[in-house]
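Read off the chains here:
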Amino acid sequence: MSGKVIIVGGSHAAVACADNLRKLDYDGPIAIHSREPHLPYQRPPLSKGYMSGAVSMDRLLLRPQQWYDDAQIDLHLSSDVTAIDRTAKQVVTGTGERHDFDALVLATGADPRMLSASAGGALPNVFLMRDLGDADALKAVMTPGKKVVIIGGGYIGLEAAAEAAKTGLDVTVVEASSRILQRVACRETADSFRALHAAHGVRIIEDTQITGIVEGDDAKASSVTLDNGDALACDLVIVGIGVSPNTELAVAAGLDVAVGILVDEFGRTDDPAIYACGDCTVLPMNRMPTRLESVQNAHDQAMIVAHNIAGQETAYDPEPWFWSDQYDMKLQIAGLNRGYDTVVTRPGKREGSVSHFYFQGETFLAADCLNDGATYMMCRKILAQDLALTPAMAADEAFDLRGFANGGR
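Residues numbered from 1 in each chain as written. Predicted model: local features only at pLDDT ≥ 70, side-chain atom pairs only at ≥ 80, totals over all residues. Heavy atoms only, no water.

Re the overall build of the protein chain
Link 1 in the chain: In terms of regular secondary structure, the protein chain is built from 12 helices and 26 strands.
Link 2 in the chain: Scored against the burial criterion, the 409 residues of the protein chain give a buried share of 54%.
Link 3 in the chain: Look at the contacts in the protein chain between residues 6 or more apart in sequence, and 60% of them connect residues 24 or more apart.
Link 4 in the chain: Accessible area of the protein chain: about 17,800 Å², with a carbon and sulfur share of 48%.
Link 5 in the chain: In the protein chain, 35 side chains carry a positive charge and 54 a negative one; their mean positions are 3 Å apart. (Helix = DSSP H or I, 4+ residues; strand = E, 2+ residues; numbered from the N terminus. Buried < 20%, exposed > 50% of the residue type's maximum accessible area, 1.4 Å probe, protein only. Contact = heavy atoms within 4.5 Å. Areas by Shrake-Rupley, 256 points an atom, 1.4 Å probe, with all protein chains shown as cover. Lys, Arg positive; Asp, Glu negative; His and termini not counted. Charge placed at Lys NZ, Arg CZ, Asp CG, Glu CD.)

The structure is reproduced here in structure tokens:
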């Protein structure tokens, strides 16, 4: 196939799809339509090094402008695709322009969930953390001594808390669930991060709902009220309560959508001319509909989509991995812990390193590796080879995990 490919979105998945098409010697026209005015950039560092200034804008870019020129990829910035005409095989932009396609890729990502305006979510010093504009706005106001309340104790909220604390702000995190990281990590991992944040002066309040954000005399948020009756004074608020996939285009076009755009193992939607990849999708994994919010999935699923557009039919077999950087702690996650019922803790070889292994019965699912990169790499190998690591093996510190990963012994 050498027809025109249009990719909607300025995400990692969008750029990875275009890149892989060219690597496969796809010689048809490729266009990327991104609603943002910036060259496509990495998002994970926004809540990590970029906010503190450790990562520059140049290092955020996925590719420089010259790469798009050399690869003959037509990059449309500030181009908001507002509709898909499936019959005519065209996309429609906010300016009314129509662009023909032979294959369409939706790489529209996900946007952060917002607090309602009635709860104070629209006040000018209440911030989200998803795109470059959010990060730049926060950098401008994050100065030492200010009080920040972070709503949400997931990875995004905790990463923002770490950057704020390192900058010298007075930081409080409020988590509605019984503990931080409840949806994504075991209690043992959460305990490590709670202690880490406490050591850096961050206050974490768990099992507590916010009831609203109070508007002060200056028309800005002045405090956050809690369901236990407390009020937390604040100079700014960061909301990190998860994301919602951007499915509006797909819904309006009549494509199958659940909690994301439904695709098969080839990245196809129920329209054979339309594909989707990245955070906006629901894909089959182990015969279960699955959403994977990660750079790994964005890259790997986009590569599969590129192969299939290029006529090299290839199925996607995800091998998930994730990471989080907070202070001097690097968490690396191999696998997906969905359905675990047992956690085995194993010290690493380096001082202070540890890994938590997730099992469902005797089946190894995933591992959280805290400053334990060697164990992380072994776990990825074990999962990729589907080796039968058991809880007893993981619990035995004398067991040769490296030999097992390299030879299955």
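From this point, things continue past the structure.
So, the sheet that holds strand 14 (residues 221–226)
Link 1 in the chain: Strand order in the open sheet made by the 3 strands is 13-14-15, with antiparallel pairing throughout. Each edge of the sheet is formed by a strand with only one pairing partner; in this case those strands are strand 13 (210–215) and strand 15 (231–233). Along the sheet, successive strands turn relative to each other by an average axial angle of 25°, direction set aside. (Pairing = 2+ DSSP bridges. Axes fitted to C-alpha atoms, helices over the stretch in contact; angles between N-to-C directions.)

Here's the deal with the packing of helix 1 (residues 12–23) against helix 9 (residues 295–309)
Link 1 in the chain: Look at helix 1 against helix 9: their axes get within 8 Å of each other, and the N-to-C directions meet at 40°. As for how helix 1 packs across helix 9, the hand of that crossing is right-handed. Contact with helix 1, carried on its side by His 12, Ala 13, Ala 16, Cys 17, Asn 20 and Leu 21, involves Val 295, Ala 298, His 299, Ala 302, Met 303, Val 305, Ala 306 and Ile 309 of helix 9 and no other residues of that element.
Link 2 in the chain: When its residues are assigned to classes, the contact of helix 1 with helix 9 shows 11 nonpolar, 3 polar and no charged. (Left-handed = near helix turned anticlockwise from the far one by under 90°. Nonpolar A, V, L, I, M, F, W, Y, C, P; charged D, E, K, R; others polar.)

Re the side chain of Asp 372
Link 1 in the chain: Within the element layout of this structure, Asp 372 appears in the loop between strand 26 (363–370) and helix 10 (373–384).
Link 2 in the chain: Polar contacts involving the side chain of Asp 372 include one to the side chain of Ser 355, which spans 2.8 Å.
Link 3 in the chain: Those residues in contact with Asp 372 that sit more than four places away from it in its chain are Gln 332, Gly 348, Ser 353, Val 354 and Ser 355. (Polar contact = N/O pair within 3.5 Å; in protein donor to acceptor, adjacent residues only side chain to side chain.)

Some points on the packing of aromatic side chains
Link 1 in the chain: Enumeration according to the criterion identifies 6 aromatic pairs in this entry.
Link 2 in the chain: Taken together, a centroid distance of 4.7 Å and an interplanar angle of 75° make the contact between Tyr 340 and Tyr 358 edge-to-face. With a gap of 18 residues between them, Tyr 340 in the loop between strand 23 (329–335) and strand 24 (342–347) and Tyr 358 in strand 25 (residues 354–360) connect regions that are remote in the sequence.
Link 3 in the chain: Ring centres of Phe 359 and Phe 364 lie 5.5 Å apart, and the angle between their planes is 45°; on these two criteria the pair is classed as tilted. Of the two residues, Phe 359 and Phe 364, neither departs from the other in class, the shared state being buried.
Link 4 in the chain: Pairwise contacts between aromatic rings join Phe 357, Phe 359 and Phe 364 into one cluster.
Link 5 in the chain: Taking the ring centre of Trp 67 as reference, the NZ or CZ of Arg 63 above it sits at 5.0 Å.
Link 6 in the chain: Sitting above the plane of the Tyr 50 ring, Lys 139 keeps its charged end 4.2 Å from the centroid. (Phe/Tyr/Trp six-rings, centres within 6.5 Å; stacked < 30°, edge-to-face > 60°. Lys NZ or Arg CZ within 6 Å of the ring centre and 35° of its normal.)

Side note on helix 1
Link 1 in the chain: With 12 residues, helix 1 extends 16 Å from end C-alpha to end C-alpha; this agrees with the ideal 16 Å at 1.5 Å per step.
Link 2 in the chain: By the criterion of burial, helix 1 is predominantly enclosed, with 10 of the 12 residues buried.
Link 3 in the chain: All of the buried residues along helix 1 are Ala 13, Ala 14, Val 15, Ala 16, Cys 17, Ala 18, Asp 19, Asn 20, Leu 21 and Arg 22.
Link 4 in the chain: On its buried side, helix 1 packs onto strand 1 (5–8), strand 2 (30–33), helix 4 (65–70), strand 3 (73–76), strand 7 (103–106) and helix 9.
Link 5 in the chain: Just downstream of helix 1 lies Asp 25, where phi reads positive at about 65°. (Expected span 1.5 Å × (residues − 1).)

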